[in-house]
Number of protein chains: 2
Amino acid sequence: MKKQTRGQSRTTKRLDIRTVAESAGVSVATVSRVINNVTSVAPELNARVWEAIRTLGYVPNTQARALVSGRSRLLGVIISDITNPFFPELIQGFEDKAVELGYETLIGSTNYDLHRMELCVQRMLQRKVDGVAVMTFGIEEPLLDRLASQGIPMVFVDLAPQKKNISTIPIDYDTGISAAVRHLVELGHRSIAFIAGPKHLHSAKSRLRAFRSAIQAVGLSIPSSFVYFGDHTMEGGTRGMEHLLQQADRPTAVMCSNDMSAIGAMHAISRAGLSIPTDISLIGFDDIRLASFILPPLTTVRMSGRDIAEVAVKALVEKDTKIGMVATDLVVRNSTAAPKN
Amino acid sequence: MKKQTRGQSRTTKRLDIRTVAESAGVSVATVSRVINNVTSVAPELNARVWEAIRTLGYVPNTQARALVSGRSRLLGVIISDITNPFFPELIQGFEDKAVELGYETLIGSTNYDLHRMELCVQRMLQRKVDGVAVMTFGIEEPLLDRLASQGIPMVFVDLAPQKKNISTIPIDYDTGISAAVRHLVELGHRSIAFIAGPKHLHSAKSRLRAFRSAIQAVGLSIPSSFVYFGDHTMEGGTRGMEHLLQQADRPTAVMCSNDMSAIGAMHAISRAGLSIPTDISLIGFDDIRLASFILPPLTTVRMSGRDIAEVAVKALVEKDTKIGMVATDLVVRNSTAAPKN
DNA sequence: GTGAAAGCGCTAACAT
DNA sequence: ATGTTAGCGCTTTCAC
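As the structure is a computational prediction, the values presented were derived from the model and not from experiment. Within each chain, residue numbers correspond to sequence positions counted from 1 in written order. Each chain is given a letter, starting from A, and each ligand a number, starting from 1, according to the order in which they appear as written. For a predicted model such as this one, the threshold for reporting local features is a pLDDT of at least 70, and the threshold for listing and counting side-chain atom pairs is 80 or more; totals across whole chains, interfaces and linings nevertheless cover every residue. In computing side-chain properties, one takes all heavy atoms of the structure into account and sets aside hydrogens as well as water.

K.L.:
Account for the side chain of Thr83(B), with residues named and values stated.
P.N.:
A run of H or I in DSSP becomes a helix once it reaches four residues, and a run of E becomes a strand once it reaches two; helices and strands are each numbered from the N terminus. Looking at the secondary structure, you find Thr83(B) in the loop between β1 (74-79) and α5 (86-100). A 3.5 Å cut-off defines polar contacts: any pair of N or O atoms within that distance qualifies, except that in protein one atom must be a possible hydrogen donor and the other a possible acceptor, and neighbouring residues in sequence count only when both atoms are side-chain atoms. Within the local environment of Thr83(B), its side chain forms a polar contact with the side chain of Arg289(A), the two groups lying 2.9 Å apart. The criterion used for residue contact is that any of the two residues' heavy atoms lie within 4.5 Å. Once residues within four sequence positions are removed from consideration, Thr83(B) is found in contact with Pro88(A), Glu89(A), Arg289(A) and Met260(B).

This is the structure:
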């Protein structure tokens, strides 16, 4: 006699592909073809199968599909810091698009920590994700190789290790950042400082580079003490602004590599008994939703996390997508004004 | 002749449990026992197997394990709004704890939208999560039944549909909220308003209830026009404060159901040409990290999202855990002061 | 175009 | 304590 399977007995009606096949009077292969949209099924059978699926309330078993097909329908997204509001907005966009295309999302947060990044990569590998979006704006080579060696498609923001299976989402930093610099110059500022992001972060470097070339383009120059390397957190912004306020000849305007730094900078300005924009003008980067709610509402360079996320998902899923450049542009609010004197 | 499997041929060395078994000179069952920490394996074999695993670089196939065991090692967490900073902090805690216990996390964001909530539940069901944490502070009965009928363990915050497989994380709102009210009263406030959360949200209702009973406890009473139902967003907070400022006899202090509402309220206060805390004292709820960075730094009632998340994961995984009450307490910063006159 | 059947890599009965 | 083996539910070759 046949051994019984554990759990339910074979006679107890389970709801698997066989049940559907029987009910529709076709083979399991046909049911499989139907649910996978394989064309070569006669319209009539197709209809019968869908009917059976509906009436039975059948839902294919994801695990089994994943096992046999080798595709998990899982997408990984690696970010730096989920408590930086830029990333939740990005994640939201990522998940929405992923779900729309039938994927689930695994989030890995590195906290700017290499060890955590390694753990993230490991987790993604173990779960056999069908692709990973590296939105940390930077990754170490060896880790990258681990992913690449598995042939897992990857998408990066803003830097392009030229390898197979790797695509890049280019960001047009120059447009937004040079507009910001020109905005300050038109207001009359000549003494402009920059609170940068982490030194090793590609995106942070790109923003600083864009700032420098914009400054040069308007014929200005900045002392090296006017560039502070923060870490894209509020705390870093506070430290950066404290540093700048200590300068003998302090800047009349400060640009920040992201909005969170700018918010931290505001804190330092207020603590020093100064006010924005009267004493110091401030410009952020990202345009997180908070930027318009903070007091004073922050002038910033907008870069849409949602847009980036959508592009990333599409690049991962529809591999042949041509990836367009992501735009940035200046949003003028109330944290910028003409300098006092 | 045997049919060849698609993809790689059987002779090409694959790296599965059989490879390990051969290499260690044991059966696949033993390998399985070893990687699952089943006790009944002789120490010597155990060592041999681990050795083989290490040298081969074997990693068990998650999909196969999930299929056969019926456990996905996936945990779902349903939240309201990922762009409310309280939730990223919670998610971070959730993921960290989940990863620590060998689980991955699926995030569902409802945006306070019932239809999206339904989609979330569906996704979780489809992925056969081993448990779901409903952190939206509210869920509809029918959806809950869908999850319950699958026998999926669930954990809720702060409300307890008494069913099987469902646990609840109780929150001690009273301590923090009554401390906040007493703080205001001690400063001299008598006219205190409340910007509540969404009417249907259990947590929002609990907070309002705690506020009301604290008000009563100090012998005060509040007109119904002093309670505004917002939606826990900045926008809602702004509207709420605008509403309160229109009152003939406007409040001297306002408590908010969460920090984001308070930040929105700040916006309205500033737009009205008033200032905090000189003209109006303001208290938030949650103590998101931003609360201490905003200007002025926000007095608020602290409730740790990380703590809640950790408890939630433990409740889901180690089902027999006794769940302790989550504390709340007042954090006094600079958004509260004595009323003007 | 459709069906039969061989696995995907693993776990857990059952036998030893 | 260890091994043998039958599936988990599905996809995909191969034969018709």
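K.L.:
Give me the sheet that holds strand β6 (residues 192-196) of chain A: which residues, what numbers.
P.N.:
Residues and elements named next belong to chain A. Any two strands are treated as partners once DSSP identifies two or more bridges connecting them. In spatial order, the strands read β7-β6-β8-β9-β10-β11; together these 6 strands make up an open sheet with mixed pairing. The open sheet has two edge strands with one neighbour each: β7 (227-229) and β11 (329-331). Neighbour-to-neighbour, the strand axes of the sheet open up by a mean angle of 20 degrees, direction not taken into account. Judged from the 3 bridges that link them, strand β8 (residues 253-256) and strand β9 (residues 281-286) form a sheet pairing that is parallel. Residue pairing for β9: Val-254 is matched across the bridge by Leu-282. To obtain each axis, a line is fitted to C-alpha atoms, and for helices this fit is confined to the stretch in contact; angles are then taken between N-to-C directions over 0 to 180 degrees. The strands touched by helix α8 (residues 173-187) are β6, β8, β9, β10 (299-302) and β11; relative to β9, the strand with the most contacts, the crossing angle is about 170 degrees.

K.L.:
An account of a positive patch on the surface is needed here, citing residue identities and associated values.
P.N.:
A contiguous patch of positive charge, built from Arg65(A), Arg71(A), Arg73(A), Lys164(A) and Lys319(A), is present on the exposed surface. Locating Arg65(A) in the fold gives a position in helix α4 (residues 62-69). Patches in this entry comprise residues that are over 30% relatively accessible and not in a salt bridge; like charges within 9 Å are linked, as are nonpolar side chains (Val, Leu, Ile, Met, Phe, Trp, Tyr) within 5 Å. The method behind every accessible area is Shrake-Rupley, applied with a 1.4 Å probe, and residues are considered shielded solely by the protein chains displayed. Should a side-chain nitrogen of Lys or Arg be within 4 Å of a carboxyl oxygen of Asp or Glu, the pair is scored as a salt bridge. For this count, His and the chain ends are skipped, Lys and Arg are scored as positive, and Asp and Glu as negative. Taken as the charge location is NZ of Lys, CZ of Arg, CG of Asp or CD of Glu.

K.L.:
Tell me about helix α11 (residues 259-271) of chain A, and please be specific about residues and values.
P.N.:
Owing to its 3.6 residues per turn, the α-helix brings residues three or four apart onto one side. Residues and elements named next belong to chain A. Expected span of a helix: the number of residues minus one, times 1.5 Å. Look at α11: 18 Å from first C-alpha to last across 13 residues, which is about the 18 Å you get at 1.5 Å a residue. Along α11, 11 of the 13 residues are buried, which leaves the element largely enclosed by surrounding structure. Those residues of α11 that fall on the buried side of the exposure criterion are Asp-259, Met-260, Ser-261, Ala-262, Ile-263, Gly-264, Ala-265, Met-266, His-267, Ala-268 and Ile-269. Residue burial is assigned from relative accessible area. The probe radius is 1.4 Å, only protein chains are included, and a residue is buried under 20% of its type maximum, exposed over 50%, and partly exposed in between.

K.L.:
Summarise empty space enclosed by the protein; cite the residues concerned and give the values.
P.N.:
Within this scheme a cavity is a closed region of a 1 Å grid, computed over the protein atoms alone, that accommodates a 1.4 Å probe without allowing it to escape, whereas a pocket is open but has protein on both sides within 12 Å along at least five of seven lines; lining residues each have an atom within 4 Å of a point. Grid points are joined across faces, edges and corners, and a volume is the space filled by probe spheres set on the points. Scanning the entire structure with this criterion turns up 7 cavities of 30 Å³ or more. Considering only enclosed or pocket space, the largest cavity measures out at about 130 Å³ in volume. Lining the largest cavity are Thr62(A), Gln63(A), Ala66(A), Ser72(A), Leu74(A), Arg127(A), Thr62(B), Gln63(B), Ala66(B), Ser72(B), Leu74(B) and Arg127(B). Counting only elements with at least two residues in the lining of the largest cavity, the list comes to α4 of chain A together with α4 (62-69) of chain B. The residue inventory of the lining of the largest cavity, partitioned by class, reads 4 nonpolar, 6 polar and 2 charged. Classification convention: Asp, Glu, Lys, Arg as charged; Ala, Val, Leu, Ile, Met, Phe, Trp, Tyr, Cys, Pro as nonpolar; all other residues, Gly among them, as polar.

K.L.:
Provide a residue-level description of the protein's contact with DNA strand C, including the pertinent values.
P.N.:
Around DNA strand C, 31 residues are found, and the nearest of them are Thr30(A), Arg33(A), Ala42(A), Ile17(B) and Tyr58(B). Among the atoms of DNA strand C close to the protein, meaning within 4 Å, 73% are from sugar or phosphate groups. Arg33(A) is positioned with one of its side-chain polar atoms (N or O) 2.6 Å from a base oxygen of DNA strand C. Ile17(B) is positioned such that a nitrogen or oxygen atom in its backbone is 2.4 Å from a phosphate oxygen of DNA strand C. Taken together, the elements giving at least two residues each to the surface near DNA strand C come down to α2 (28-35) and α4 of chain A together with α1 (17-24), α2 (28-35) and α4 of chain B. At 4 residues, α2(B) tops the list of elements feeding residues into the surface near DNA strand C. Considered class by class, the residues forming the surface near DNA strand C number 14 nonpolar, 7 polar and 10 charged. In these notes, residues near a molecule or strand are those with any non-hydrogen atom within 4 Å of it.

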